[in-house]
Amino acid sequence: MGPRLPAEVGLAWVVRPDQPELLAALNAFIAARYRGYEYNVLRNKYFRNDRRMQRQREHRIDGERLSPFDELVKAAVAEHGFDWRLVVSQMYQESGFDPGEVSFAGARGLMQVLPRTAREVGIDGDALADPARGIEAGVRYLSWTRERFEALPLAEQRWFALAAYNAGVGHVRDARRLATVKGWDAERWFDHVEHAMLLLAEREYARQAVHGYVRGSEPVRYVGEIRERYRAYLDHFDALRAGTDPRGTRS
């Protein structure tokens, strides 16, 4: 059994006696934020949203199974060279493992692929609700976006591919060009090109970009959350191989 937390536990900050300014800053922060707007939004999201909490319980990692679609993902990635756990992480980000998910823009299925995009990669756009077809379409499209960045180091290609899957190849190329102008490394996503992507949401930089404005926070969050979940999956399997309790790792 993993560690159990009590239903309710009090929290306190411990501050050294010779740090009165830190104590005052902490007290001021708590007074300003406690039970405020952000507090209530987060509390309702993580502790009051029964549907969200139920979904989290359903998708909790158990043994070597990450999702109900692991075998389909393994089959789909076989010829494309992706780690199946990375694709499962992306699939959760896209649809929460719901093959019937449809976005406001019309993207469908487990990998949230547009019907026209599915057709471009050789998959029937009307079949995306089928888990096998939806996953295959997403993996093929992810492979296509990765091919646009073949000149980059192998370890970086996946992050640029994911960013392009979310925001489009053109916007990612704009961000790389801007990163170079800013003196950042255009071959590294994290802490470099992702910063340039955020700037493309500002009018000053969007006007100079070939593909114009992009809500840069979305691909930045998208890639970051997929990486964190992917790392948690890797930690989980490392713990399984080591014979330790994987529930002690990140989830």
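Anything mentioned here points back to the structure above.
These lines cover the structure that appears in this document, whether it is placed above or below. (Residues numbered from 1 in each chain as written. Predicted model: local features only at pLDDT ≥ 70, side-chain atom pairs only at ≥ 80, totals over all residues. Heavy atoms only, no water.)

What about the nonpolar core?
Then, number 1: In this structure, Met91 and Trp189 are the most contacted members of the largest nonpolar core, which totals 57 residues.
Then, number 2: Among the elements of the structure, helix H4 (70–77), helix H5 (84–95), helix H7 (131–147), helix H8 (154–167), helix H9 (169–182), helix H10 (189–199) and helix H12 (217–242) are those that each provide at least two residues to this core.
Then, number 3: Tallying contributions element by element places H8 first for this core, with eight residues.
Then, number 4: Non-local contacts of Met91, meaning those with residues more than four positions away in its chain, are made with Ser67, Phe69, Val73, Gly96, Phe97, Leu110, Met111 and Ile135. (Core = buried A, V, L, I, M, F, W, Y, C linked by side-chain atoms within 4.5 Å. Buried < 20%, exposed > 50% of the residue type's maximum accessible area, 1.4 Å probe, protein only. Helix = DSSP H or I, 4+ residues; strand = E, 2+ residues; numbered from the N terminus. Contact = heavy atoms within 4.5 Å.)

Quick look at the side chain of Glu94
Then, number 1: Looking at the element boundaries, Glu94 is found in helix H5.
Then, number 2: For the buried Glu94, no salt bridge exists, and the shortest N-O distance to an oppositely charged side chain is 9.4 Å, to Arg221.
Then, number 3: With near-sequence residues (within four places) excluded, Glu94 lies in contact with Leu110, Met111, Gln112, Tyr165 and Tyr222. (Lys, Arg positive; Asp, Glu negative; His and termini not counted. Salt bridge = Lys/Arg side-chain N within 4 Å of Asp/Glu carboxyl O.)

Considerations on the packing of aromatic side chains
Given two aromatic rings, one states the distance between the centres and the angle between the planes to describe the pair.
Then, number 1: Inspection of the entire model under this criterion finds eight aromatic pairs.
Then, number 2: Both rings, one in Tyr34 and one in Tyr39, keep their centres 5.1 Å apart while their planes meet at 70 degrees; by these two values the pair is edge-to-face.
Then, number 3: With a relative accessible area of 46%, Tyr34 lands in the partly exposed category.
Then, number 4: Using a relative accessible area of 24% as the deciding quantity, one classes Tyr39 as partly exposed.
Then, number 5: Judged by centre distance (5.5 Å) and plane angle (70 degrees), the ring pair of Trp159 and Phe190 falls under edge-to-face. With a gap of 31 residues between them, Trp159 in helix H8 and Phe190 in helix H10 connect regions that are remote in the sequence.
Then, number 6: For Trp159, a relative accessible area of 6% corresponds to the buried category.
Then, number 7: Judged by relative accessible area, Phe190 falls into the buried class, the value being 12%. (Phe/Tyr/Trp six-rings, centres within 6.5 Å; stacked < 30°, edge-to-face > 60°.)

As for a nonpolar patch on the surface
Then, number 1: A cluster of nonpolar side chains, Trp13, Phe29, Ile30 and Tyr34, forms an exposed patch at the surface whose accessible area comes to about 500 Å².
Then, number 2: Inspection of the secondary structure puts Trp13 in the segment before helix H1 (20–33). (Patch = residues over 30% accessible without salt bridge, like charges linked within 9 Å, V, L, I, M, F, W, Y side chains within 5 Å. Areas by Shrake-Rupley, 256 points an atom, 1.4 Å probe, with all protein chains shown as cover.)

Regarding the packing of H8 against H10
When two helices pack together, their arrangement is captured by the angle between the axes and the distance separating the axes.
Then, number 1: Running from N to C, H8 and H10 point in directions that differ by 25 degrees, and their axes come no closer than 11 Å. With respect to H10, the element H8 is oriented roughly parallel. Pair H8 / H10 crosses with right-handed handedness. Of the residues in H10, those touching H8 at Glu156, Trp159, Phe160 and Ala163 are Trp189, Phe190 and Val193.
Then, number 2: Taken together, the residues that form the contact of H8 with H10 break down as six nonpolar, no polar and one charged. (Axes fitted to C-alpha atoms, helices over the stretch in contact; angles between N-to-C directions. Parallel < 35°, antiparallel > 145°, perpendicular 65-115°, else oblique. Left-handed = near helix turned anticlockwise from the far one by under 90°. Nonpolar A, V, L, I, M, F, W, Y, C, P; charged D, E, K, R; others polar.)

Some thoughts on the side chain of Glu136
Then, number 1: Positionally, Glu136 belongs in helix H7.
Then, number 2: A polar contact is formed between the side chain of Glu136 and the side chain of Arg140, at a distance of 2.7 Å.
Then, number 3: In this structure Glu136 touches Ala76, His80 and Ile123, once residues within four positions along its chain are discounted. (Polar contact = N/O pair within 3.5 Å; in protein donor to acceptor, adjacent residues only side chain to side chain.)

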